[in-house]
Amino acid sequence: GHSAIRRSNLQSKVTRDRAMASSPPPPPPPHPLPTQIPLTPKPDPDAPQSPSPVPSTSLIPKLEPIALTPELCDVYRRELEPSPDGHPDLTGHLHFTQHQIDAVPADHRLVVSNPQPEPNPQGSIPPAHSDTSVSSSSSTAKKRARGGEMVRVNTVTPQDHIHFRSLVRRARLTFEALRGIYQREESYDGGPRNRFDLRASSKMLSRGLWLYRDVRIVGPIPGVLVGDAFHYRAELCVVGLHCTPQAGIGYIPASLVSEGHPVATSIVSSGGYLDDEDNGQVLVYSGSGGRQRNRVEHHADQTLERGNLALHYSCHYGVEVRVIRCHACDSSPSRKVYVYDGLYKAVSSTYEPGKSGRHVCKYTLVRIPGQEELGSSNWCLAKDIKDKLLANQALPPGYISPDLSNGREVLRVPVFNGVDHESSLLDFDYIARPEFPLPLSRVKQQHWGCHCVTSPCGPECGCVIKNGGGGPVYNEDGTLVRGRPVVYECGALCGCPMSCGNRATQRGMKHTLEVFRSMETEWGARTLDLIQPGAFVCEYSGDVVVTTGECEFAMDEGSVIDPKRFPKRWTEWGDASPALVGDDDDRVPRPQFPHFQEPGYVLDVSRRRNLASYISHSCTPNVFVQYVVRGGENESCPHLMVFAMDAIPPMRELSIDYGMDDQQICA
């Protein structure tokens, strides 16, 4: 019956993270990361194999941090070779973003060792660099430390997962807020286009906001899920998924590995080399070097050094490697998207002539079984479904309806059930937008709404002024600049056209969403498109019931959505204060939010509803509710607009914080 919509969707989600149901992030777990790990040579293929694909955890000697000396800086600059999808503007940021390392006493000497590996039977190995000694300089300034302990995360409890997921989300929110601030500053000044992502990551690094800087993690990154999508390489560094904003191979230097050999921990595959091959489960990856920028073929032999040598030793020792694939994407602000596709093992390392005739370092990586579905595969699946919807073709097996909305939404809302034969949701009436009561005084309506005749409305617009200042409410692409108690949009009584930038939620859904049957949430909602952070997703709809006095409703009663019960997650969106408070760059205008009374209604979804009613609960949500009032509307009945809190990849379930607690769910 209809009561299943709230209780089943919320209870199954909350059960997974019930200990963390409140809004504030939990305290750190007592042992958030495991101890250091050793490297052991990959066993002989003829020897008995361990059933576990991941080496066991034990101790290795702790190593001193690298001294940041002028000589060592020169060595590192030579190591930072541009990657196929690099950008010229990255050069000035590399030293700051990758090598902020503690200085050591002047008499300390560091030995950087790249010993000669054993010859590979499948191809000859070129000579590696010999041992090099460099001295520290007493004038080296203290920088933020980068830890040298190698660790692997073997097991994560549900509580730990929620904690680390919250950390990753907070870091990504800060990054996106900073990036938006820097971009808007330059657009106001009319200055040239700059790498706002690098400015944001550099600011976060200087404030100690990069994650996991105190350790070198081999294997999965806590709080990062397979399939997570990122718009910028710099964001990969912020969350600890990759350690360099430009080079394709991230690795741990030989000086920090007890065996004296560098090991690779992550690669970014962009398919930019002539010898690359990729079918998802097996990736043939070409090493770096030997190729001019924006060219596919090699003009010189590659050498087995730096990242190439590290990936060779990852193959030698059987160390798993995080694989991030780069795809072209028109819907991304960077025109690229980086998808984390999980852990792979390098099973072969060769050095032989490639298709261009030059010697190439080639590595064959095989995906470790037992992981979540390949993120890049989900993109292909979602695209196939959308193409069939647009062409009015038959959908794949399991789809029980091509459009739940029956044409009431701008885009179709398909329904998928690959679990059982349940189809009761098709019996409900679909209402795309709630029907709010008119304001009590129609006389005042003539004073509501702006009289702008141009688009977009400028700072003199009455609706914009009601938002409290602090710049525009929406960016040029329609994404929300910052969460607010309420957003005042232009409405039906305003003179501006529908193309006005202050009407972002009035033009319907921009992303294809579907309702699907799940073993966890019974019914849920997910996206078939990549959704940008801050983008409008959909609106909650149902029959409006005006409330008076102390009348309250519980959201988990099965048929009622109470706007007042949503936690104020809007406060997290667009907030860059962790990186700017107390800093010289704290010059962002602070909006003076107007006082807004709480909504005076609830939504009854027992008879009529829309797809938003199937969004499930999570303590680490990827969407949030923003109140929106349009010019001339009743302010006690704001719209419940859903905005993206993260970059949400295709086939990712939408989740929101309903403010539920254990007692409500288990009652």
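About the criteria used
- Residues numbered from 1 in each chain as written.
- Predicted model: local features only at pLDDT ≥ 70, side-chain atom pairs only at ≥ 80, totals over all residues.
- Heavy atoms only, no water.
- Pairing = 2+ DSSP bridges.
- Helix = DSSP H or I, 4+ residues; strand = E, 2+ residues; numbered from the N terminus.
- Buried < 20%, exposed > 50% of the residue type's maximum accessible area, 1.4 Å probe, protein only.
- Polar contact = N/O pair within 3.5 Å; in protein donor to acceptor, adjacent residues only side chain to side chain.
- Contact = heavy atoms within 4.5 Å.
- Phe/Tyr/Trp six-rings, centres within 6.5 Å; stacked < 30°, edge-to-face > 60°.
- Lys NZ or Arg CZ within 6 Å of the ring centre and 35° of its normal.
- Core = buried A, V, L, I, M, F, W, Y, C linked by side-chain atoms within 4.5 Å.
- Patch = residues over 30% accessible without salt bridge, like charges linked within 9 Å, V, L, I, M, F, W, Y side chains within 5 Å.
- Areas by Shrake-Rupley, 256 points an atom, 1.4 Å probe, with all protein chains shown as cover.
- Salt bridge = Lys/Arg side-chain N within 4 Å of Asp/Glu carboxyl O.

The name an unreviewed UniProt entry gives the protein chain is SET domain-containing protein, with Aegilops tauschii subsp. strangulata as the organism.

Draft legend 1. Expanded view of the sheet that holds strand S20 (residues 543-546). Strand order in the open sheet made by the 3 strands is S20-S22-S21, with antiparallel pairing throughout. Looking along the sheet, the strands with just one partner apiece sit at the ends: S20 and strand S21 (560-561). Bridge count for S21 against strand S22 (residues 601-604) is 2 bridges, and the pairing is antiparallel. Bridge pairing in S22 links isoleucine 561 to leucine 603.

Draft legend 2. Quick peek at the pairing of strand S9 (residues 282-286). Burial runs high along S9: 4 of the 5 residues are buried. Note that strand S8 (residues 277-278) and S9 share 2 bridges and pair antiparallel. Opposite glutamate 277, over in S9, you have valine 284 as the bridge partner. Adjacent in sequence and paired antiparallel, S8 and S9 are bridged by 3 residues, among which glycine 280 carries a positive phi angle near 95°. Where S9 and strand S12 (residues 359-367) come together, 5 bridges link them in antiparallel fashion. In the strand pairing of S12, valine 282 is matched with valine 366.

Draft legend 3. Molecular detail of the sheet that holds strand S18 (residues 522-527). One open sheet holds the 4 strands; their spatial order is S13-S14-S17-S18, and the pairing between them is mixed. Looking at strand neighbours, the two that pair on one side only are strand S13 (399-401) and S18, the edges of this open sheet. As paired elements, S13 and strand S14 (residues 415-416) share 2 bridges and run antiparallel to each other. Its bridge partner being in S14, tyrosine 399 is matched across the sheet by phenylalanine 416.

Draft legend 4. Here's a closer look at the side chain of threonine 505. Tracing the chain through its elements places threonine 505 in the loop between strand S16 (487-489) and strand S17 (513-518). A polar contact of 2.9 Å, which involves the side chain of threonine 505, links it to the side chain of glutamate 489. Excluding residues that lie within four positions of it along the chain, threonine 505 makes contacts with Tyr474, Glu489, Phe536, Val628, Arg630, Met641 and Phe643.

Draft legend 5. Molecular detail of the packing of aromatic side chains. If you walk through the whole model with that rule in mind, you get 11 aromatic pairs. Measuring from ring centre to ring centre gives 5.9 Å for phenylalanine 596 and tyrosine 627, while their planes differ by 50°; the resulting arrangement is tilted. One end of the pair, phenylalanine 596, is in the loop between helix H10 (577-580) and S22; the other, tyrosine 627, is in strand S25 (residues 623-630), with 31 residues separating them in the sequence. A single burial state applies to phenylalanine 596 and to tyrosine 627, both of which are buried. Three or more aromatic residues joined by ring pairs form one cluster here, namely Tyr474, Phe536, Phe624 and Phe643. Against the face of tyrosine 182 rests arginine 199, its NZ or CZ located 4.0 Å from the ring centre. The ring centre of phenylalanine 428 lies 3.6 Å from the NZ or CZ of arginine 609, which sits over that ring.

Draft legend 6. Inspection of the nonpolar core at higher detail. In this structure, Val515, Val537, Cys538, Tyr540, Ile615 and Leu640 are the most contacted members of the largest nonpolar core, which totals 43 residues. Looking at this core, the elements that each hand over two or more residues are S17, S18, strand S19 (536-539), S22, S25 and strand S26 (639-644). At 4 residues, the largest contribution of residues to this core is made by S25. Excluding residues that lie within four positions of it along the chain, valine 515 makes contacts with Leu404, Val413, Pro414, Val415, Phe416, Leu425, Trp523, Gly524, Ala525, Leu611 and Tyr614.

Draft legend 7. Main features of a nonpolar patch on the surface. Judged by side-chain polarity, Val282, Val347 and Val366 come together as a nonpolar surface patch covering roughly 180 Å² of accessible area. For valine 282, the location among the structural elements is in strand S9.

Draft legend 8. Spotlight on the pattern of salt bridges. Here the structure, examined in full by the defined rule, presents 23 salt bridges. For the salt bridge of arginine 608 with glutamate 435, the shortest nitrogen-to-oxygen distance reads 3.7 Å. Taken together, the residues arginine 608 in strand S23 (residues 608-609) and glutamate 435 in the loop between strand S15 (429-430) and helix H9 (462-466) connect sequence positions 173 residues apart. The class of glutamate 435 is exposed, set by a relative accessible area of 57%. A salt bridge links aspartate 562 to lysine 564; the shortest N-O distance between them is 3.3 Å. Looking at aspartate 562, the relative accessible area reads 2%, which means it is buried.

Draft legend 9. View of the environment of cysteine 361. On the secondary structure map, cysteine 361 appears in strand S12. Take cysteine 361: its relative accessible area is 1%, and that puts it in the buried class. Along the primary structure cysteine 361 and glycine 289 are separated by 72 residues, whereas in three dimensions their C-alpha atoms are 9.4 Å apart. Apart from the residues within four sequence positions on either side, cysteine 361 is in contact with Tyr285, Ser286, Gly287, Gln302, Thr303, Leu304, Asn308, Thr350 and Tyr351.

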